[in-house]
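The residues making up each chain are set out below.
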Amino acid sequence: MDRQDTLWNKSNVIQKVRMGKKVEKALSKDKNPSSATHVEDDNPNKTPEPYKCIGNFLTDFNELCKQNGMAVIPPVVTRPKPPGPASGGNEGKPDKKGDKNKQPVPEPEPEVELNEDGEPIEPPPKTYSTRDKFEYFKPSVQVELDNNDKWDSVSEIFIRGWKIDTPMMDNFQQSWPTLERLHTINLWYTGLSEDTLHTLAVFLPQCTNIKNVLLDGNPVKEENWAELIGEESLVQNLSLRHCKITDKGSAGLGRALGTAKVANTKLLSLNLTGNDIGDPGAESLAGGLRMNRTLMSLTLTSNKVGDKGVAKISEALSRFPLSHEEVVERRKLISDRGSPERNKSPPPSRRAESKDRPGSVRSMTTQDKTKQKPSAKKKDVKGRDAKEETKTVKKDKEDTRGGGKRALWASVAAEATKTMGKTKDKKKDKGKSSNQEAELAESPVSSPELEIVNMDSQDLINPLLEVADYMDGQLWIAGNRTLINLNLARNNISETGMSSLLKAIQYQTTLTSGNRSGGTGLMRLVINKNSVRPENEVMAKLSEKMMLKDPFYKPPITPEGETA
């Protein structure tokens, strides 16, 4: 038995040695490739592949920060909310049949802690939770989630009190466009610069759902705020409070709001509270309001606006004369609409252009006419353009009985009617036309405003196609009636500026009383804390006018039960 055991042990040892050699050979074969791959992975000169965002903001943000080699990565956390009232899940619900006889088990009372003197220590309140005193100041990215379990449902992003540098803004540039539900960004005191603001303005149009942008407390020396509301901008609500915006920055914002050629058609509200905007800046914003027909709310609280700036804003809201550039652009727009009366040239007269007739009978050239009238006064360019434009307007109003009003504006409506492809007779037979098409084709044209209303949306927005009146050698058109909220509280406006606002409100009331196609005009005006006392006569009239325009105003009820 001992000999058999010895032989058995020897055979086991031989097998183990053979197996060990096989393992060593296998390891030796894989040794060189593994070392090569290890060298490749540790090669510092190899550029890592760029990270492709997947729409999960938590993962994307952390990976992008790691790729850029950031030493400290701000945590992404949900926005804290105040704790709500504690309520049990079964409160107000009937108990089950089996639980009728069961009574709730009372919770054991916590042991009272005693101090050194043996007095009970008051426990901390349960309405809030305490944290480390420095934790509040640590940088973090706060988000609002539509679904608390999914990080791809980020709808709002809040950043408070830490500087967003260029690498961090580059991370946002890659991650934000992939968030389909993101609609609000709020960057409060984040130290934006010209470069980071430019980067933000460039990639914001790629985020198709971002409508609300709040950049309060970010003074930028270059003041390139106008890039945020450029031609490709989709921002609807922009807040730039306490950004130290001067007349330079407001001039850019005014041009971005609207010029004779281009106007912003997305922005609905602009908040410029707490800046350094004076009269020149207010005049620039008023210039933007002349051609803008989208902005509904403008807030200029706590600025340096005076009477001159308010006078320009009042002019833009009531009526104003067209400049030379605006007159030229107006004529181009009317010509582009394909007006046959303007494009159609009268046929040449055979009698006047006949070669057989003597030169004395032929039509005189321009030089001959100039020689015969050497005392003719030269007209300025603005007045000449205005009179030429007025000739067309007057020609429209010559014949009111035979339908002569259709000259210019009816031709524009006729051009729009051609695209409908339906005549009056076809409408009666088929009965499929809409009310708007029927009014355009069947009803008599009473005013050019009616025809403008029946045009497409582009004509509704462009104010240069408004009806113009010729006065004092200039063309005057109705002002902005789309702006419904104007806040001018805490400025330097005196009684003179308030009087100009009162005239604008009176003109708007008269203009919109019978026709509100171009807008309702101001419905809310805030002018308190200025250089005029509330008991002033002008202030009292303004308050009375605006009270009647308030949509929530209810007239007082008389003792008889009838409204006053």
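All of these numbers come straight from a predicted model, not from anything done at the bench.

Draft legend 1. Spotlight on the overall build of the protein chain. Looking only at helices and strands, the protein chain has 19 helices and 13 strands in total. A burial count over the protein chain gives 34% of its 564 residues as buried. Looking at the protein chain alone, contacts between residues at least 24 apart form 75% of all its contacts between residues at least 6 apart. About 36,800 Å² of surface is accessible on the protein chain, with carbon and sulfur atoms providing 51% of the total.

Draft legend 2. Geometry of helix α19 (residues 537-549). The terminal C-alpha atoms of α19, which comprises 13 residues, lie 19 Å apart, in line with the 18 Å expected from a rise of 1.5 Å per residue. Restricting attention to buried positions, one finds in α19 the residues Val 538, Met 539, Leu 542, Met 546 and Lys 549. Projected down its long axis, α19 shows its buried positions confined to an angular sector of 95 degrees, all on one face. Along α19, the residues that are exposed and aim more than 90 degrees away from the buried face are Glu 537, Glu 544 and Leu 548. Residues of α19 that are buried sit in contact with α18 (495-512) and β13 (524-526). Looking at where α19 begins, the residue whose side-chain oxygen comes 2.8 Å from the main-chain nitrogen of Val 538 is Asn 536.

Draft legend 3. How the structure looks around the sheet that holds strand β2 (residues 141-145). If you walk across this open sheet you meet the ten strands as β1-β2-β3-β4-β5-β6-β7-β8-β12-β13, and the pairing is mixed. Unpaired on one side and paired on the other, β1 (76-78) and β13 mark the two borders of the sheet. Between one strand axis and the next, the sheet turns by 10 degrees as a mean value, whatever way the strands run. Relative to strand β7 (residues 269-271), strand β6 (residues 237-239) runs parallel, the two being bridged by three bridges.

Draft legend 4. Fine view of the packing of helix α2 (residues 57-67) against helix α3 (residues 166-175). At a closest axis distance of 10 Å, the pairing of α2 and α3 adopts a crossing angle of 140 degrees. It follows from the interaxial angle that α2 and α3 lie oblique. α3 is crossed by α2, and the crossing has right-handed handedness. From α2, Phe 57, Asp 60, Phe 61, Leu 64 and Cys 65 reach across to α3, where they touch Met 168, Asn 171, Phe 172, Gln 174 and Ser 175. Across the contact of α2 with α3, the residue classes break down as six nonpolar, three polar and one charged.

Draft legend 5. Local environment of the sheet that holds strand β11 (residues 474-478). Read from one edge of the open sheet, three strands run β9-β11-β10, paired in antiparallel fashion. Since the sheet does not close on itself, it has two edges, and those belong to β9 (319-321) and β10 (469-471), each with one partner. Strand-to-strand twist across the sheet, computed as the mean angle between neighbouring axes with direction ignored, equals 35 degrees. Bridging between β9 and β11 involves three bridges; their strand directions are antiparallel. Across the sheet, Pro 321 pairs through a bridge with Trp 476, a residue of β11.

Draft legend 6. Structural detail: the environment of Leu 204. With respect to the helices and strands, the residue Leu 204 is situated in the loop between α4 (194-203) and β5 (212-214). On the basis of relative accessible area, Leu 204 is assigned to the buried category, the value being 6%. Through-space distance from the C-alpha of Leu 204 to that of Trp 176 is 8.7 Å; in sequence the pair is 28 residues apart. Setting aside residues up to four positions removed in sequence, Leu 204 forms contacts with Ile 185, Ile 210, Val 213, Leu 228 and Val 235.

Draft legend 7. Geometry of the pairing of β2. Within β2, five of the five residues are buried, which leaves the element mostly enclosed by the surrounding structure. The pairing of β1 with β2 spans three bridges and is classified as parallel. Residue pairing in the sheet places Thr 78 in a bridge with Val 143 of β2. As paired elements, β2 and strand β3 (residues 154-160) share four bridges and run antiparallel to each other. Bridge assignment links Glu 144 to a residue of β3, and that residue is Glu 156.

Draft legend 8. How the structure looks around the side chain of Thr 184. Relative to the helices and strands, Thr 184 resides in strand β4 (residues 184-188). Classification of Thr 184 as buried rests on a relative accessible area of 7%. Look past the residues within four positions of Thr 184 in its chain and what remains in contact with it is Ser 155, Glu 156, Ile 157, Asn 212 and Leu 214.

Draft legend 9. Fine view of the packing of helix α5 (residues 247-257) against helix α6 (residues 279-291). Here α5 crosses α6 at 5 degrees, and the two axes come no closer than 7 Å. By the angle class used here, α5 and α6 are roughly parallel. Residues Asp 247, Ser 250, Ala 251, Leu 253, Gly 254 and Leu 257 of α5 pack against Pro 280, Gly 281, Ser 284, Leu 285 and Gly 288 of α6. Residues of the contact of α5 with α6, tallied by class, amount to five nonpolar, five polar and one charged.

Draft legend 10. View of a negative patch on the surface. A contiguous patch of negative charge on the surface is contributed by Glu 194, Asp 195, Glu 222 and Glu 227. In this structure, Glu 222 sits in the loop between β5 and β6. Using a relative accessible area of 34% as the deciding quantity, one classes Glu 222 as partly exposed.

Draft legend 11. Just the packing of aromatic side chains, in detail. Applying the stated criterion across every chain yields a total of five aromatic pairs. A centroid spacing of 6.0 Å and a plane angle of 15 degrees characterise the contact between Phe 61 and Phe 172, whose relative ring orientation is stacked. Residue Phe 61 is located in helix α2, and its partner Phe 172 is located in helix α3; the two are separated by 111 residues in the primary sequence. Residue Phe 61 shares its accessibility class with Phe 172, and that shared class is buried. Where Phe 172 meets Trp 176, the ring centres are 4.6 Å apart and the plane angle is 10 degrees; that geometry is what we call stacked. Across this residue pair, the class does not change: Phe 172 and Trp 176 are buried. Among the aromatic residues, ring-to-ring pairing joins Phe 57, Phe 61, Phe 172, Trp 176 and Phe 203 into one connected group. The aromatic ring of Phe 158 is capped on one face by Arg 79, whose charged end is 3.7 Å from the ring centroid.

What counts and how
Residues numbered from 1 in each chain as written. Predicted model: local features only at pLDDT ≥ 70, side-chain atom pairs only at ≥ 80, totals over all residues. Heavy atoms only, no water. Helix = DSSP H or I, 4+ residues; strand = E, 2+ residues; numbered from the N terminus. Buried < 20%, exposed > 50% of the residue type's maximum accessible area, 1.4 Å probe, protein only. Contact = heavy atoms within 4.5 Å. Areas by Shrake-Rupley, 256 points an atom, 1.4 Å probe, with all protein chains shown as cover. Expected span 1.5 Å × (residues − 1). Arc of directions from axis to C-beta. Polar contact = N/O pair within 3.5 Å; in protein donor to acceptor, adjacent residues only side chain to side chain. Pairing = 2+ DSSP bridges. Axes fitted to C-alpha atoms, helices over the stretch in contact; angles between N-to-C directions. Parallel < 35°, antiparallel > 145°, perpendicular 65-115°, else oblique. Left-handed = near helix turned anticlockwise from the far one by under 90°. Nonpolar A, V, L, I, M, F, W, Y, C, P; charged D, E, K, R; others polar. Patch = residues over 30% accessible without salt bridge, like charges linked within 9 Å, V, L, I, M, F, W, Y side chains within 5 Å. Salt bridge = Lys/Arg side-chain N within 4 Å of Asp/Glu carboxyl O. Lys, Arg positive; Asp, Glu negative; His and termini not counted. Charge placed at Lys NZ, Arg CZ, Asp CG, Glu CD. Phe/Tyr/Trp six-rings, centres within 6.5 Å; stacked < 30°, edge-to-face > 60°. Lys NZ or Arg CZ within 6 Å of the ring centre and 35° of its normal.

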